[in-house]
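Survey of secondary and tertiary structure
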Amino acid sequence: MHVQKKTMTKLELVVLSSLSESYTLLPFMIFSSLLSGEVDTVNFFVPVLILYSIERACIIGIRGFGEINNPYRILKDGLFMALSGAILMILSYLYRPLLMVSALLVGVGLAPMRAMFIPLFSKMVEKDSSLKKGKTLGLILYLLMMIFVMVLRNNRLPIIPIFFLIYIAYITYIVMRIDGDEIYENKKAFDSSKKNPVFFLIGVLALLSLLILRQYQMSGVSVLMWLTPLTVVIFFTVELYRRRKYKDYTFQTYWVGGIKSFIMLYSLVFHTSVGNTSMAMMVYLAIAISGISSDIVKKILSKRIKGPTLSNLCIILSALFVFLLTLPSKAMNVVGIILSSIFANIVVSEVNVNYMKDPRYVPEERALVKTRLQTAGSIMEQLVLFFIIYI
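Computed from a predicted structure; not experimentally measured.

Moving on to the packing of helix α2 (residues 25-34) against helix α8 (residues 159-177). Helix-helix packing is described using two parameters, namely the angle between the two axes and the distance between the axes. Axis separation between α2 and α8 bottoms out at 10 Å; the angle between their running directions is 155°. Taken together, the axis directions place α2 and α8 in an arrangement best described as roughly antiparallel. Crossing of α2 against α8: the hand is left-handed. On α8, the residues that touch L26, P27, I30, S33 and L34 of α2 are I160, P161, F164 and Y167.

Here it is as structure tokens:
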């Protein structure tokens with residue numbers, strides 16, 4: 001069926017923006033809620049493990065296909081994959097193993113979501129500046145959806161999977177009906193003449209590292225444990241061999257990836273290990289709340305503090321508030337997650353500004369570069385945390 005191409009409305013942008021904010025946490029929360037009755041088995045963790053690992057590996061590996069020419073096409077193809085995964089999520093009520101295939105499709109499909117949305121959003125704002133506020137409203141919708149999933153997480157009916165299917169289907173329809181190809185002059189998704197296979201290698205190493213780390217963190221058992229030292233050596237060797245031209249905000253990006261990963265994983269692993277799954281779900285909600293709050297806090301701070309000083313201050317504050325996670329109080333844990341995440345998000349927004357102006361990369365790739373380095377930072381943090389716990 002032919003869909004007439006139109007410009008995006010503000011409401012449609014709000015919905016699309018909400019997915020760009022929730023593309024990791026919302027599916028993670030949904031899969032966790034679907035398996036909350038199976039926390040005593042290692043299989044409980046498998047779909048969540050696949051979802052997280054595949055998303056991170058694809059963010060790194062996607063550049064191997066070539067330089068990005070048309071983010072719209074990548075975004076659209078990814079949504080079709082995620083839609084297929086959402087359908088299988090519902091069918092998994094009839095045949096449980098389909099949940100793992102669903103996690104694979106959702107992970108691959110949504111992996112480039114934010115990195116492709118940012119350049120597309122910038123192009124649309126250039127054409128219609130009134131759309132700019134839609135991104136803030138998307139954060140509010142993201143928080144409401146997280147609350148909705150949390151409230152209904154113990155419902156035996158497939159309400160949450162049906163909601164997720166409708167949500168992804170509607171966003172796919174929105175993307176199909178906008179004139180995205182016209183914005184990018186009907187270019188191909190990738191410039192295949194600029195393929196870089198090293199990203200495939202790093203993506204595979206990232207996937208292997210994360211599968212090992214996440215399986216161990218979640219279950220305490222890893223049949224691949226003996227591969228970890230080899231993976232770590234190769235990963236760091238390849239990363240250093242690339243001789244990246246480092247900037248101050250490059251290191252800040254690694255740091256943000258590490259601190260945000262630590263906030264979520266430390267909290268989830270701790271509360272899940274003691275059987276407190278309801279508190280584990282609160283971790284997701286606290287992170288969502290920090291997303292909205294960070295914009296407000298940044299506006300207040302930026303009136304007096306600007307540039308690198310703001311970023312450095314937020315790095316210090318985020319690191320200090322992490323210590324609240326070690327206190328034997330659930331309330332203080334939640335406060336620590338929110339406050340530390342707020343200041344980490346401010347650093348992210350400052351880093352985004354630098355990457356969007358970075359002349360080393362074409363405009364369509366700048367958001368992906370930032371996301372890729374942030375992912376590398378999260379992997380490095382998990383490797384360090386793993387060896388501290390394991391050794």
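This part takes up the packing of aromatic side chains. Centre distance and the angle of the planes are the two values used to describe a pair of aromatic rings. Taken as a whole, this structure holds six aromatic pairs when the rule is applied. For the pair F321 and F343, a centre-to-centre distance of 5.8 Å together with 5° between the ring planes defines the contact as stacked. Linking F321 in helix α14 (residues 308-321) with F343 in helix α15 (residues 330-356), this pair joins segments that are 22 residues apart in sequence. Looking at F343, the relative accessible area reads 11%, which means it is buried. Among the aromatic residues, those joined into a ring-pair cluster are F65, F190 and F200.

The next subject is a nonpolar patch on the surface. A grouping of L137, I140, L144, I147 and V151 is seen on the molecular surface, where their side chains present a nonpolar patch of about 440 Å² in accessible area. In this fold, V151 is placed in helix α7 (residues 134-151).

Let us now look at the side chain of S20. Secondary-structure assignment places S20 in helix α1 (residues 10-22). Judged by relative accessible area, which is 1%, S20 ranks as buried. There is a polar contact of 2.7 Å between the side chain of S20 and the backbone oxygen of S17. Sequence-distant contacts of S20, that is, excluding residues within four places in its chain, are made with M113, R114 and F117.

With that settled, the discussion passes to the pattern of salt bridges. Pairing between side chains becomes possible if they bear opposite charge and their charged atoms approach one another. Scanning all chains against the criterion turns up eight salt bridges. The residue K298 makes a salt bridge to E350 at a minimum N-O spacing of 3.2 Å. With K298 in helix α13 (residues 277-301) and E350 in helix α15, the pair connects residues that are 52 residues apart, well separated along the chain. Using a relative accessible area of 15% as the deciding quantity, one classes E350 as buried.

Each value, and the rule that gives it
Residues numbered from 1 in each chain as written. Predicted model: local features only at pLDDT ≥ 70, side-chain atom pairs only at ≥ 80, totals over all residues. Heavy atoms only, no water. Axes fitted to C-alpha atoms, helices over the stretch in contact; angles between N-to-C directions. Helix = DSSP H or I, 4+ residues; strand = E, 2+ residues; numbered from the N terminus. Parallel < 35°, antiparallel > 145°, perpendicular 65-115°, else oblique. Left-handed = near helix turned anticlockwise from the far one by under 90°. Contact = heavy atoms within 4.5 Å. Phe/Tyr/Trp six-rings, centres within 6.5 Å; stacked < 30°, edge-to-face > 60°. Buried < 20%, exposed > 50% of the residue type's maximum accessible area, 1.4 Å probe, protein only. Patch = residues over 30% accessible without salt bridge, like charges linked within 9 Å, V, L, I, M, F, W, Y side chains within 5 Å. Areas by Shrake-Rupley, 256 points an atom, 1.4 Å probe, with all protein chains shown as cover. Salt bridge = Lys/Arg side-chain N within 4 Å of Asp/Glu carboxyl O. Polar contact = N/O pair within 3.5 Å; in protein donor to acceptor, adjacent residues only side chain to side chain.

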